[in-house]
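# Observations on the three-dimensional arrangement
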Amino acid sequence: MNIKILRGRILSFKTEPQGIDDKDSYLYIEDGAIAIEGEKIVALGSFNKVRSKYKQYKLIDHRPHLLMAGFIDPHIHYVQTQVVASYAPNLLKWLYNYTFVEEQKFINFTHAEQIAAKFFTELINNGTTTACTFCSVHPHSVEAFFKESEKHNMAMIGGKVLMNRNCPDKLRDNPQLSYDESKRLIKKWHNRGRQKYAITPRFAITSTPEQLEAAGALLAENPDCYLQTHLSENKDEIALTKQLYPVHKDYLSIYEFYGLLGEKSLFAHSIHLSESEKDLMAQSNSVAISCPTSNLFLGSGLFNMQQMKKAGIRIGVATDIGGGTSYSMLQTMGDFYKVQQMNNYHLNPLSSFYMMTLGNALILSMEEEIGTLEVGSYADIIVLNSRATSAMELRAKTINNLSEELFLLQTLGDDRSIVQTYIAGKAAKYADKS
Ligand SMILES: [Zn+2]
């Protein structure tokens, strides 16, 4: 038996915090430990208790840092790593002037392989251990993505973009081809190791009705797969969508008509929804994914978390690289907090850290495997340093409790706060020196 014990301060969520004083929603142990055997967590508790279970173990002492489940990013585009920070007045101009130009480069498999490798390095450096990812329209971009993911033994979700209109010729497939290619990729990659497949129509603007029908057929034939797309991000986008699909009542009804709603359906942005769209989203158990750095960067709008929760909608928070501006889920939650402030809602830091871990695991239906430090989960673990920069160190001197520390991390923290990232029990950010 080969046991590895990580020692440090432990934080793991049990349920959604109901307020800043909700101590029942999480487990916190000042001198705690996690025992890992192979890929999984086999014990969790105080250091003395965990240590006493084993005669032999390898100890990695991370004190005084915080040990948490790895962050989960439920909406990101790996093919847009070189689009980040592109100057554009709005979504559609950004898409046509930069993103569609960049994604054409993925016709080259070597380019796809090189970018996939760099993308995974960024995720690991930022403490993201699972992500739900758009690839490009080219099937080999999916191959490059999953090949790299498999190499790291990460729980990753990805899929080939389906699009056959309103984009450059080189990025166009057609309904039959997109169906055939997706079907082949699902067969090869879905549930292979820790990989999962997401059927990925980019959005209604770039798909004809026939292609959305093909996406619906794929989902009906593979109900265990995810469906990821974009919804209601920008007002010009909504107007153009209505022109292209005039018979439908609203944007979400289009996706409903083609059978794309459900508990594994992830709708990025979902900012400007009508009341009936909110009802439909809640009834279908679909998920709205907010991407705050992207929405601020492109001036798309302010996602109203309180209203969406009141409507009974499941919510996730994501980076949306390359419309988003940071790979860091800490930075992302820092901006999500500010967006909610603009809506006069004051998101507490316990809820933020819940959302980045167990919350995002729940919206992906993966809470049995990831998102907590519970025994039986994969040992996808991050080590957080609240004093990673001189400014953080100075501020940390006046901090009195866990909530204040978490709030500091989400406000000033980034990849520099990630001391180590363990993927399925293996140190991935820096080589394991001990
Ligand atoms: Zn996106």
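Residues numbered from 1 in each chain as written. Predicted model: local features only at pLDDT ≥ 70, side-chain atom pairs only at ≥ 80, totals over all residues. Heavy atoms only, no water.

Turning to helix α7 (residues 235-244), its buried residues are Glu237, Ile238 and Thr241. What you see down the axis of α7 is that its buried residues fit within an arc of 100°, all on one side. Residues of α7 that are exposed and point over 90 degrees away from its buried face: Lys235 and Gln243. Buried residues belonging to α7 abut α2 (91-103), β10 (226-231) and α8 (251-257). Between the side-chain oxygen of the N-cap and the backbone nitrogen of Asp236 there are 2.8 Å, and the N-cap of α7 in question is Asn234. (Buried < 20%, exposed > 50% of the residue type's maximum accessible area, 1.4 Å probe, protein only. Helix = DSSP H or I, 4+ residues; strand = E, 2+ residues; numbered from the N terminus. Arc of directions from axis to C-beta. Contact = heavy atoms within 4.5 Å. Polar contact = N/O pair within 3.5 Å; in protein donor to acceptor, adjacent residues only side chain to side chain.)

On to the domain arrangement of the protein chain. By domain assignment, the protein chain separates into domain 1 (3-70 + 371-427) and domain 2 (71-327). Taken residue by residue, the interface counts 15 residues in domain 1 and 13 residues in domain 2. At the boundary of domain 1 with domain 2, total buried surface from both sides reaches about 1100 Å², with 57% on carbon and sulfur atoms. The tally of links from domain 1 across to domain 2 stands at two salt bridges. Between Lys309 and Glu16 there is a salt bridge; the shortest N-O distance is 2.2 Å. Run the count over domain 1 and domain 2 and you get four residue pairs in polar contact (both at pLDDT 80 or more). Secondary structure elements with two or more residues in the side of domain 1 that touches domain 2: β14 (381-384) and β15 (418-423). Broken down by element, the residue count for the side of domain 1 that touches domain 2 peaks at four residues, all from β15. (Domains from an automatic or database assignment. Buried area = accessible area lost by both parts, 1.4 Å probe. Salt bridge = Lys/Arg side-chain N within 4 Å of Asp/Glu carboxyl O.)

We now examine helix α12 (residues 329-342). Its 14 residues give α12 an end-to-end C-alpha distance of 20 Å, which sits within 8% of 20 Å, the value for a rise of 1.5 Å per residue. With respect to burial, α12 is a largely interior element, 10 of its 14 residues being buried. With a side-chain oxygen positioned 3.1 Å from the backbone nitrogen of Leu330, the residue opening α12 is Ser328. One or two residues past the end of α12 sits Asn344, with phi positive at roughly 60°. (Expected span 1.5 Å × (residues − 1).)

In this section: the coordination of the zinc ion. For the zinc ion, the full set of protein donor atoms is His75 (NE2), His77 (NE2), His230 (NE2) and Asp320 (OD), and the range of their distances to it is 2.1 to 2.4 Å. Coordination geometry of the zinc ion: the four donor atoms subtend angles of 88 to 168° at the metal centre, consistent with an arrangement described as irregular. Each donor residue of the zinc ion belongs to the same chain, with the gaps between them written as H-x1-H-x152-H-x89-D. One end of the pair, His77, is in strand β5 (residues 71-77); the other, Asp320, is in the loop between β13 (314-317) and α12, and 243 residues separate them in sequence. (Donors = N, O, S within 2.8 Å, 3.2 Å for Na, K, Ca; no water. Tetrahedral: all angles 85-135°; square planar, octahedral: opposite > 155°, others 65-115°.)

Viewed as axis vectors pointing N to C, helix α4 (residues 139-152) and helix α5 (residues 175-189) meet at an angle of 15°, and their least axial separation amounts to 11 Å. Considered as vectors, α4 and α5 are oriented roughly parallel to each other. When you trace α4 past α5, the crossing you get is right-handed. For the pair α4 and α5, the contacting residues are Pro139, Val142, Glu143, Phe146, Lys147 and Glu150 in the first and Glu181, Arg184, Leu185, Lys188 and Trp189 in the second. The class makeup of the residues in the contact of α4 with α5 is five nonpolar, no polar and six charged. (Axes fitted to C-alpha atoms, helices over the stretch in contact; angles between N-to-C directions. Parallel < 35°, antiparallel > 145°, perpendicular 65-115°, else oblique. Left-handed = near helix turned anticlockwise from the far one by under 90°. Nonpolar A, V, L, I, M, F, W, Y, C, P; charged D, E, K, R; others polar.)

Mapped onto the elements of the fold, Ser328 is located in the loop between β13 and α12. What makes Ser328 buried here is its relative accessible area of 1%. Within polar-contact distance, the side chain of Ser328 engages the backbone nitrogen of Leu330 at 3.1 Å. A distance of 3.1 Å separates the side chain of Ser328 from the backbone nitrogen of Gln331, its partner in a polar contact.

Take the packing of helix α3 (residues 109-125) against α4 next. The geometry of a pair of packed helices is captured by two quantities: the angle between their axes and the separation between those axes. Running from amino to carboxyl end, α3 crosses α4 at an angle of 40°, the nearest separation of the two axes being 9 Å. With respect to their mutual orientation, α3 and α4 come out oblique. Remark: the crossing between α3 and α4 carries right-handed chirality. Every residue of α4 that contacts α3 at Phe109, Ala112, Glu113, Ala116, Ala117, Phe119, Phe120 and Ile124 is listed here: His140, Ser141, Glu143, Ala144, Phe145, Lys147, Glu148, Ser149 and His152. Looking at the contact of α3 with α4 residue by residue, the class counts come to nine nonpolar, four polar and four charged.

The peptide bond linking Arg63 to Pro64 adopts the cis configuration, its omega dihedral lying at 0°. Mapped onto the fold, Pro64 is located in strand β4 (residues 58-69). Ile321 connects to Gly322 through a cis peptide bond whose omega is 10°. As for its placement among the helices and strands, Gly322 is situated in the loop between β13 and α12.

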